[in-house]
Amino acid sequence: MANDSQFREVEHTADRAFTVRGRDLAELFVLAAHALCAIQGQPTDTQETVSREVEVSGVDRETLLVNWLNEILYLQDVHQESYSGFQVIAISETFLRASLHGEPNASIRRSIKAVTFHGLKIERLPDGWEATLVVDV
Amino acid sequence: MGKPSPTRTIARSDFKRISEQVWEIPRDFREDMRAPARLYADEALLEASLTDNSVEQLVNTATLPGIVKYAIAMPDIHQGYGFPIGGVVATKLPDGIISPGGVGYDINCGVRLLASEALAEEISPFLNDLASAIYRNCPSGVGVHGEIKLQDAELDKVLVEGARWTRERSLARKEDLEHTEEFGAMPGADPEYVSHKARERGRGQLGTLGAGNHFIEVDRVTEVYDETVAERLGLFPGQAVVQIHCGSRGFGHQVCEDYVARFQKTVRDLGIELPDRELVCAPFASEDGQQYFHAMACAANFAFANRQVLAGHIRRSFEQVLAGKVLAFDLHQVYDIAHNMAKIEEHEVGGTRMQVCVHRKGATRAFGPGSPGLPDDLRDIGQPVLIPGSMGTASYVLIGTLDSMERTFGSTCHGAGRVWSRARARKMVRGEELRQELKSRGIAVRAGSISGLAEEAPQAYKDVSRVVDVVERAGIGKKVARLEPVAVVKG
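Quick caveat: nothing in here was measured; it's all calculated off a predicted structure.

A. Expanded view of the overall build of chain A. Counting its secondary structure elements, chain A contains two helices and eight strands. Of the regular secondary structure in chain A, the N- to C-terminal order runs β-β-α-β-α-β-β-β-β-β. At 14 Å, chain A has a C-alpha radius of gyration in line with the 14 Å of a compact globule built from 137 residues. Overall, the C-alpha framework of chain A stretches about 40 × 35 × 25 Å when taken along its three principal axes. By residue count, 51% of the 137 residues in chain A fall in the buried class.

Here is the structure:
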């Protein structure tokens, strides 16, 4: 589960915004998923009794990141599961294959309707990548 | 004036005062603006709007291709994503754009008002039981499923028929549908343009409240400002009424997600330059624009059906708790409004009547007397407008005006508008203390999440009375009645 050193919440009046950093794109995507779960107030100690594999695409890496996070919200909603483990199997600028691990009977305290493109940035830093995202709550 | 970049902070001095309640950022403020931007506010609300990025978001919407007159923001404006909350943009058809972000993820989030014939004081001895029954009968919480499971063919019917679908299940009365915006079914819905994922999210969620700022509230009518209109709406002082605030649940979220993601490529292909990627759009008449509109209408209908099923659950709760104890507990529908929607309407622009696509993102249609689309029994008085306040504070019933048709494409505000972030609200307010405070004021609270309760604390919002006073003084809505809560049910 992401902690304060891995993502930082940014002030937003109505919704929630955060920045997250990773050493490479794969880590960035995993830590962004953890940040999403932390914002939803999910438990950090899920049993990881269910696993799902997903493939996501997007016209660029920003779209890919938003689509990945929205895919997690979709799976949560449809299967009523919560996820705490994320592994990137393959990633490019426009394609991601990843696995999610979690448990049924999701215990999600705070609602996120969707991850938005508002103010969306993925920036290259000297030592990795940083993304800024706003989620609709 | 120079040509500031989209990132420049907007100051009060950038506004030109048009009238007591109307402030304008001229079109030449930024090179990419295609129209001026107008904000409805008094001095204090104008200052409040400058404390976050909401005015910049308003200016961004003034860049949308095909925009007519001006980008408009209501006094409950606050920072959203893409559009500000409280934003209204109309684009000229057929070539003007439609933007999924201008409707938002909770397509047809809206408010329904039901009214009993009983006084609030008659039901007050049973209030705790009533709040518990509503909480029990109306499933709430994140991603919650309801008792209705829709197979594909039945889901298609919901998406086309909206609230009308519930008549077969005896969950709607004829007069409920007549007193619902679009009569409970938005035209243009075509399930063919809805994704498999949206279907999967929607099939179990009909008749559920959800979480976040959605609520069911039992209120007392504490003041009537316009006796004639109130009487026509069946409202009187001291009366017990019920508000339902929710939308299209995961179904609507998925429809918006699908098209915002898809339109990232559309704007690139069409060479449409935008200051924010959440504003992605497509010409209304294009294949992309039409497909989004068909899918959005499906989500709007899902929301109308959702509020209708919840209304049925609430009527059942009233009967379970009050039958044999209170005589006139039956609930009639005052009206049901949408405050996140894009609609095809005819308005006058520059002396010419034209068809426009009106985006209302956290804004309410407020059609004046004689307008098309109103039920026969209300046509002479105008459309009822339902303005929920923040939790524990007043809400208002307004009536639409002729001036709103002329000035704001028949639109007015939608609520109080946030001023504190959720993080700040959680830091400043303890959920349990808030629950106790509401209880000490005689308000029964049933909430699934205590931290969620803190996020919706009244301190986190603007004063709804001030917001409503501005729209009334500006002539874009007229006060009819004030409501105050006696029971609040939240996910």
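B. Broad picture of the interface of chain A and chain B. Each side of the interface is counted separately: chain A has 31 residues, and chain B has 37 residues. At eight residues, the largest contribution of residues to the side of chain A that touches chain B is made by helix 2 (residues 61-79) of chain A. Broken down by class, the residue content of the side of chain A that touches chain B amounts to twelve nonpolar, ten polar and nine charged.

C. Main features of the sheet that holds strand 3 (residues 50-57) of chain A. Residues and elements named next belong to chain A. Taken in spatial order, the three strands line up as 3-5-4 in an open sheet, and their pairing is antiparallel. The sheet is open, and its two edges are formed by strand 3 and strand 4 (81-91), each paired on a single side. Ignoring which end each strand starts from, the neighbouring axes of this sheet average 25° apart. Packed on one face of the sheet, helix 1 (residues 25-39) meets strand 4 and strand 5 (95-104) and runs near 170° to strand 4. Across the face of the sheet, helix 2 comes into contact with strand 3, strand 4 and strand 5 while running at roughly 145° to strand 3.

D. Main features of helix 9 (residues 249-270) of chain B. Residues and elements named next belong to chain B. Here helix 9 contains 22 residues, and its C-alpha end-to-end distance of 31 Å stays within 8% of the 32 Å for a straight helix at 1.5 Å per residue. The largest bend in helix 9 is about 30°, located at F263. Where helix 9 ends, the next residue or the one after it, G271, has phi of about 70°, a positive value.

E. Representation of the environment of A:T44. Residue and element names in this part refer to chain A. You can see T44 is positioned in the loop between helix 1 and strand 3. Judged by C-beta crowding, with 11 C-beta atoms within 10 Å, T44 ranks as exposed. Here the alpha-carbon distance between T44 and Q6, two residues 38 residues apart in the chain, equals 15 Å.

F. Expanded view of the packing of helix 2 of chain A against helix 9 of chain B. Here helix 2 of chain A crosses helix 9 of chain B at 165°, and the two axes come no closer than 11 Å. Compared by their axis directions, helix 2 of chain A and helix 9 of chain B come out roughly antiparallel. In this structure, helix 2 of chain A meets helix 9 of chain B at a crossing whose hand is left-handed. Taking contact as the criterion, the partners of A:T63, A:V66, A:N67, A:N70, A:Y74 and A:D77 in helix 2 of chain A are, on helix 9 of chain B, B:G250, B:Q254, B:E257, B:A261 and B:Q264. Considered class by class, the residues forming the contact of helix 2 of chain A with helix 9 of chain B number three nonpolar, six polar and two charged.

G. Looking closely at the pairing of strand 8 (residues 128-136) of chain A. Residues and elements named next belong to chain A. Taken together, the seven bridges between strand 2 (residues 16-22) and strand 8 define a ladder with antiparallel strand orientation. When the sheet's bridge partners are listed, G22 is paired in strand 8 with W129. As paired strands, strand 6 (residues 114-115) and strand 8 are joined by two bridges and run antiparallel to one another. Within strand 8, the position partnered with A114 by the bridge is D136. By the bridge criterion, five bridges tie strand 7 (residues 121-125) to strand 8 in an arrangement that is antiparallel. Across the sheet, the residue bridging to I122 is A131, located in strand 8. Following strand 7, the chain reverses through two residues before pairing antiparallel with strand 8.

Calculation criteria
- Residues numbered from 1 in each chain as written.
- Chains lettered and ligands numbered in written order.
- Predicted model: local features only at pLDDT ≥ 70, side-chain atom pairs only at ≥ 80, totals over all residues.
- Helix = DSSP H or I, 4+ residues; strand = E, 2+ residues; numbered from the N terminus.
- Rg over C-alpha atoms; globule rule 2.2 N^0.38 Å.
- Buried ≥ 20, exposed ≤ 12 C-beta atoms within 10 Å, placed from the backbone.
- Contact = placed C-beta atoms within 7 Å.
- Nonpolar A, V, L, I, M, F, W, Y, C, P; charged D, E, K, R; others polar.
- Pairing = 2+ DSSP bridges.
- Axes fitted to C-alpha atoms, helices over the stretch in contact; angles between N-to-C directions.
- Expected span 1.5 Å × (residues − 1).
- Bend = angle between axes of the 7 residues up to and from the residue.
- Parallel < 35°, antiparallel > 145°, perpendicular 65-115°, else oblique.
- Left-handed = near helix turned anticlockwise from the far one by under 90°.

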